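Residue-level listing of the chains:
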Amino acid sequence: MKSISKIAILFMVATVMVSCFDTGNPNYQYMPNMYAPVGYETYGEYEIFPGGQAAMLPAEGSIPRGWQPYDYPNTPDGLLLAKAELKNPLAVTEENLAAGKKLYDIYCAVCHGANGDGQGILVQREKILGIPSYDDAGRDISEGGVYHVQMFGLNSMGSYASQTNELERWQITQHVMNLKAALKGEPLVTPESIVAPTVEETTETVTTETEH
Ligand code: HEC
């Protein structure tokens, strides 16, 4: 009889202990110092922050690492200005030209065609209309303009600013300017063609100076 009541008491104690256990929460922690973070949790709720959330937007004017600010506005005037004055900072190298062609074939050729005549596969299948050829006289496509439309898109052409980085956009631009030159039957820009005129220019200046 005695042992039965002992067992009963033991059982009750065990039940009380187990019934208070919440599996969703660590009830007892042994030396909990490192369990709970000291800093604010990334998405935690804290009254001290505006909106009560630790996750906030970046401060105005912040520039993400590896991102360069682009000052030409996303307007028709911005496009004209970029067309007129924005220049490709990249050197003409085999690597840049090859990378530009590769990226162009991935991102642009579906609409603009591999040679830039506006006859990409989507145009042939009549999925999209109004793709210009790069030698379209009315558009007067320049390197600044090519970069600008990649940043912001233009009407039914989307922006490529999230898919490509600054270097890649300029590499694509280099390739597009060569496609335009090929369509117009003008000489292509190659690493050699860049070196040659500079030498000629220097000799010209030298000769003119000696004439005076
Ligand atoms: C979904 C199809 C599509 C894709 C893909 C596309 N474009 Fe376009 N692009 C267009 C259309 C449509 C226009 C004409 C927009 C207009 O003038 O209304 C255009 C216009 C242009 C122009 C002429 C801008 C001017 O000055 O008038 C350039 C340059 C250009 N695209 C470059 C590119 C480059 C570079 C890529 C790849 C990064 C690309 N496009 C990808 C559809 C596309």
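Residues numbered from 1 in each chain as written. Predicted model: local features only at pLDDT ≥ 70, side-chain atom pairs only at ≥ 80, totals over all residues.

K.L.:
Could you clarify how one ought to interpret the overall build of the chain in this entry?
P.N.:
On a plain count of helices and strands, the chain comes out with 8 helices and 0 strands. The order of α-helices and β-strands along the chain, N terminus first, is α-α-α-α-α-α-α-α. Classification of the 212 residues of the chain by burial places 16% in the buried group. The contacts in the chain between residues at least 6 apart in sequence include a share of 54% that link residues at least 24 apart. (Helix = DSSP H or I, 4+ residues; strand = E, 2+ residues; numbered from the N terminus. Buried ≥ 20, exposed ≤ 12 C-beta atoms within 10 Å, placed from the backbone. Contact = placed C-beta atoms within 7 Å.)

K.L.:
How should the nonpolar core be read in this particular structure?
P.N.:
One broad trend across soluble globular proteins is that nonpolar side chains are buried collectively. Judged by nonpolar contacts, the single largest core of 16 residues is most densely connected at Tyr104, Cys108, Tyr134, Val146, Tyr147, Ile172 and Val176. Those elements giving two or more residues to this core turn out to be helix H6 (143–152) and helix H7 (166–184). At 5 residues, H7 tops the list of elements feeding residues into this core. Apart from residues lying up to four places away in sequence, Tyr104 is in contact with Ala109, Ile172, His175 and Val176. (Core = buried A, V, L, I, M, F, W, Y, C linked by C-beta atoms within 7 Å.)

K.L.:
Looking at this structure, I do not really get the packing of helix H2 (residues 76–85) against H6. What am I missing?
P.N.:
A packed helix pair is summarised by two numbers, namely the angle formed by the two axes and the spacing between the axes. Across the interface, H2 lies against H6 with an axial gap of 6 Å and an inter-helix angle of 140°. Regarding the angle of H2 to H6, the classification is oblique. From H2, Gly78, Leu79, Ala82, Lys83, Ala84 and Glu85 reach across to H6, where they touch Gly144, Gly145, Tyr147 and His148. Each residue belonging to the contact of H2 with H6 can be placed in one class, and the counts come to 4 nonpolar, 4 polar and 2 charged. (Axes fitted to C-alpha atoms, helices over the stretch in contact; angles between N-to-C directions. Parallel < 35°, antiparallel > 145°, perpendicular 65-115°, else oblique. Nonpolar A, V, L, I, M, F, W, Y, C, P; charged D, E, K, R; others polar.)

K.L.:
When you look at the confidence of the model for the chain in this model, what are you seeing that I'm missing?
P.N.:
In low-pLDDT segments, the atomic positions of the prediction should not be examined closely. Of all residues in the chain, 89% have pLDDT values of 70 or greater, and the mean over the chain is 87. Below pLDDT 50 for its whole length, residues 199–212 participates in 0 contacts with residues either more than four positions away or in separate chains. (pLDDT = per-residue confidence, 0-100.)

K.L.:
How should the site of the ligand be read in this particular structure?
P.N.:
Among the 22 residues in the neighbourhood of the ligand, the closest are listed as Cys108, Cys111, Arg139, Asn155 and Met157. Those elements giving two or more residues to the shell around the ligand turn out to be helix H4 (109–112), H6 and H7. With 4 residues, the single largest contributor to the shell around the ligand is H6. For the shell around the ligand, the residue count by class is 15 nonpolar, 6 polar and 1 charged. (Near = placed C-beta within 6 Å.)

K.L.:
Is there a simple way to explain unusual backbone geometry in this structure?
P.N.:
Glycine aside, residues mostly have negative phi angles, and peptide bonds mostly take the trans form. You will see that Asp140, though not glycine, has its phi angle at about 45°, which is positive. Residue classification places Asp140 among the exposed positions, given that 10 C-beta atoms sit within 10 Å. The phi dihedral of Asn155 falls on the positive side, at around 45°, and the residue is not glycine. With respect to the helices and strands, the residue Asn155 is situated in the loop between H6 and H7. Residue classification places Asn155 among the exposed positions, given that 7 C-beta atoms sit within 10 Å.

K.L.:
How should H7 be read in this particular structure?
P.N.:
Quick reminder: α-helices carry 3.6 residues per turn. Residues three or four places apart thus point the same way. Counted at 1.5 Å a residue, the expected span for H7 with its 19 residues is 27 Å, and the 27 Å between its end C-alpha atoms agrees. Of all the positions in H7, only Arg169, Trp170, Gln171, Ile172, Thr173, Gln174, His175, Val176, Met177, Asn178, Leu179 and Lys180 are classed as buried. Buried residues along H7 sit in contact with helix H3 (94–107) and H6. Remark: Gly185 follows H7 within two positions and exhibits a positive phi of approximately 75°. (Expected span 1.5 Å × (residues − 1).)

K.L.:
What's the story with the environment of Thr75 in this structure? I'm lost.
P.N.:
If you trace the backbone, Thr75 turns up in the loop between helix H1 (2–19) and H2. Between the alpha carbons of Thr75 and Phe152 there is a distance of 9.2 Å; along the sequence they are 77 residues apart.

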